[in-house]
Amino acid sequence: MDDDQKELLKISADAALKPFADLMQQLFGGPLGEIGGMWQDSLKVRREIRKIDLLKKVQKKLDEAAVEPRSIPDRIWLPVMQAALMEDDDTLQDKWASLLANAADPRDTTPVLPSFAAILGEIITRDAVFLDALHKRALESTRPPRSKLLSNVIFHRSDLLEIFAKAGLSRTQNLNIVYARQYQDNKAQIDTDLVHFELTLTTLVRHGLVAVDQTANMAKDVVRSKSAPTDPYIALPQVVIEQ
């Protein structure tokens, strides 16, 4: 393709994209036609800002734990950095920082495996917030059997729905207790909340962050929090580095 053909192609592409200028501005912060210039520069700037914010979070976590960080294997830090620099959400950014801080901790209190980056890469904010809420409830739980291992904490379906709603993830205030008249008046909203709940629970179970308790009488309604071995998060620790 010669220079004239390239210029003609560019003009044709610009003309075709012109009706979508406002949409591209809303979705991407600029026109895709400038991906080789200003738009690409804007993305680069955002990535650099995220990198700075991420490293600040990691440094803070290490400082709070009062440990001298060790070198992190390439197969762990490289995929983590690649994913973290594309993440807009601050909640998930903190999880990426948690992975790096745990991997850098020479005490290995929360070991980090190469697979954790892939798991966290498929987690959305709603999943992370729900997992935080589950962890908090597990720590506060007084339900038998009492154990230092949070993997022994059992949640019934009604518990999970209550935790999901109280975490602010449901527009329905009491998702675990829905009366017939309430459902009739708010069917679309409640159905949407339940779909989001099921999607989140399915994601967490699929990645082994919670597990269905096969020994329970109502196995489909019961899950256990998971630990590895004392942290219920595996890839998403609430307390990054134990004091």
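Quantities reported herein were computed from a predicted structural model and do not represent experimental measurements.

What counts and how
Residues numbered from 1 in each chain as written. Predicted model: local features only at pLDDT ≥ 70, side-chain atom pairs only at ≥ 80, totals over all residues. Heavy atoms only, no water. Helix = DSSP H or I, 4+ residues; strand = E, 2+ residues; numbered from the N terminus. Buried < 20%, exposed > 50% of the residue type's maximum accessible area, 1.4 Å probe, protein only. Salt bridge = Lys/Arg side-chain N within 4 Å of Asp/Glu carboxyl O. Contact = heavy atoms within 4.5 Å. Axes fitted to C-alpha atoms, helices over the stretch in contact; angles between N-to-C directions. Parallel < 35°, antiparallel > 145°, perpendicular 65-115°, else oblique. Left-handed = near helix turned anticlockwise from the far one by under 90°. Nonpolar A, V, L, I, M, F, W, Y, C, P; charged D, E, K, R; others polar.

**Q** Just give me the short version of unusual backbone geometry, but keep the residues and values in it.
**A** Positioned with a positive phi, Ala66 is a non-glycine residue whose angle comes to about 55°. Secondary-structure assignment places Ala66 in the loop between α3 (38-65) and α4 (74-84). Although it is not a glycine, Asp108 sits at a positive phi angle of roughly 55°. You can see Asp108 is positioned in the loop between α5 (90-104) and α6 (115-121). A relative accessible area of 37% places Asp108 in the partly exposed class.

**Q** Which residues make up the pattern of salt bridges, and what values do they have?
**A** For the structure on display, the rule yields 14 salt bridges. Here Glu48 and Lys51 are joined by a salt bridge, their closest N and O atoms 3.5 Å apart. Of this pair, Glu48 and Lys51 both sit in helix α3, three residues apart, roughly one helical turn. The partly exposed category is assigned to Glu48, whose relative accessible area is 36%. Asp193 is paired through a salt bridge with Arg171; the nearest N and O atoms lie 4.0 Å apart. Remark: Arg171 occurs in the loop between α8 (157-169) and α9 (180-185) and Asp193 occurs in helix α10 (residues 187-206); sequence separation between them is 22 residues. Looking at Asp193, the relative accessible area reads 2%, which means it is buried.

**Q** Outline the environment of Ile76, listing residues and values.
**A** Residue position: Ile76 is located in helix α4. Judged by relative accessible area, Ile76 falls into the buried class, the value being 11%. In this structure, the C-alpha to C-alpha distance between Ile76 and Phe116, residues 40 residues apart in sequence, is 8.5 Å. Beyond its immediate chain neighbours, meaning those up to four positions away, Ile76 contacts Ala103, Val112 and Pro114.

**Q** Any chance you could break down the side chain of Arg50 for me, citing the residues and the numbers?
**A** With respect to the element layout, Arg50 can be found in helix α3. Since its relative accessible area comes to 10%, Arg50 is described here as buried. With residues up to four places along the chain from it excluded, the contact list for Arg50 reads Ala84, Leu85, Met86, Glu87, Asp88 and Gln93.

**Q** For the packing of α4 against α5, give the residues involved together with the corresponding values.
**A** Between two packed helices, what matters for the description is the angle formed by their axes and the separation of those axes. In contact at an axis separation of 10 Å, α4 and α5 are set at 165° when each is read in the N-to-C sense. Judged by the angle between their axes, α4 and α5 are roughly antiparallel. Of the two possible hands of crossing, α4 and α5 adopt the one that is left-handed. Residue-level inspection shows Ile76, Trp77, Val80, Met81, Ala83 and Ala84 of α4 in contact with α5, the latter providing Gln93, Trp96, Leu99, Leu100 and Ala103. Tallied by class, residues from the contact of α4 with α5 come to ten nonpolar, one polar and no charged.

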